[in-house]
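# Structural description and commentary
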Amino acid sequence: MGTSVWVVDDDDAVRGVLEAMLKELGYTVTCYDKAEDALNAYRVQAPDVVVTDVRMPGMSGLELTRTMLEINDRCIVMILTGFPSIPDAVEAIRAGATDFLSKPVRMEELRVRMERALETRV
């Protein structure tokens, strides 16, 4: 079985694009439009990588990151945002995120960042 990646984003179009890119890169992809739904599934079985938006209705991507890593600190969490800022990037890393990406992300950049993140996981 390949590397499993969850995409958590409230924007249908973003989820669709990320799902298509990640599948083309060879990953097994599951999408969630709400952080709470992803967290419930995460309690049962964690993926290898989570790519989550920062700002979503309800639970934010930062809250999701903190909670997921409290449950399983081996999961790689990558934060994605349409409104990148230094304070958000710092907060994402403090929350335990492996990486901080800006929307729209290019496929080559996503490939490189995913590979780098997976290589660092021991």
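Right above here is the structure, for reference.
Bear in mind that the values here come from a model prediction, so they are computed numbers and not experimental data. Numbering of residues starts from 1 in each chain and follows the order in which that chain's sequence is written. Under the rules for a predicted model, residues below a pLDDT of 70 receive no local features and side-chain atom pairs below 80 are neither given nor counted, while totals for whole chains, interfaces and linings still include all residues. To obtain the side-chain values, all non-hydrogen atoms of the structure were used and water was disregarded.

## Regarding the packing of helix α2 (residues 35-42) against helix α3 (residues 61-71)
Any two packed helices are characterised by how steeply their axes cross, that is the angle between the axes, and by the distance between the axes. The axes used here are C-alpha line fits, helices contributing only the stretch in contact, and every angle between their N-to-C directions lies in the interval 0 to 180 degrees. Think of it this way: any DSSP run of H or I at least four residues long counts as a helix, any run of E at least two long counts as a strand, and we number them from the N terminus. The geometry of α2 relative to α3 is characterised by a closest axis approach of 11 Å and an angle of 5 degrees between their N-to-C directions. Relative to α3, the element α2 lies roughly parallel. Facing α2, whose interface residues are Ala 35, Ala 38, Leu 39 and Tyr 42, α3 presents Leu 64, Thr 67, Met 68 and Ile 71. When residue character is reported, Ala, Val, Leu, Ile, Met, Phe, Trp, Tyr, Cys and Pro are called nonpolar, Asp, Glu, Lys and Arg charged, and the others, Gly included, polar. Broken down by class, the residue content of the contact of α2 with α3 amounts to 7 nonpolar, 1 polar and no charged. For classification, angles of less than 35 degrees are called roughly parallel, those exceeding 145 degrees roughly antiparallel, those between 65 and 115 degrees roughly perpendicular, and all remaining angles oblique. Contact definition: two residues touch when any of their heavy atoms are within 4.5 Å.

## Section: the sheet that holds strand β4 (residues 76-81)
Spatial strand order, β2-β1-β3-β4-β5: 5 strands in an open sheet with parallel pairing. A strand with exactly one partner marks an edge of an open sheet, and here the two such strands are β2 (28-32) and β5 (99-102). With strand direction ignored, the average angle separating the axes of adjacent strands in the sheet is 20 degrees. In this sheet, β4 lies alongside strand β3 (residues 49-53) in parallel orientation, the contact comprising 5 bridges. The residue bridging Val 50 from the neighbouring strand is Val 77, located in β4. Contacts from helix α1 (residues 12-24) reach β1 (4-8), β2, β3 and β4, with the element oriented near 170 degrees to β2. With respect to the sheet, helix α5 (residues 107-120) is in contact with β1, β3, β4 and β5, its orientation differing from that of β5 by roughly 175 degrees. Pairing between two strands requires that DSSP report at least two bridges joining them.

## A word on the nonpolar core
Counting residues in each nonpolar core, the largest one holds 22 residues, and the members touching the most others are Trp 6, Val 8, Val 50, Leu 64, Met 68 and Ile 79. Contributing elements (two or more residues each) for this core: β1, α2, α3, β4 and α4 (86-95). Once you skip the residues sitting within four places of it in the chain, Ile 79 turns out to touch Thr 52, Val 54, Gly 61, Leu 62, Thr 65, Ala 92, Ala 97, Asp 99, Phe 100 and Leu 101. In this description, a nonpolar core means a group of buried Ala, Val, Leu, Ile, Met, Phe, Trp, Tyr and Cys residues linked to one another through side-chain atoms lying within 4.5 Å. Three labels apply to residues, based on accessible area from a 1.4 Å probe with only protein chains included: buried if under 20% of the type maximum, exposed if over 50%, partly exposed otherwise in between. Membership of the second largest hydrophobic core comes to 18 residues, among which are Val 5, Val 14, Leu 22 and Tyr 27.

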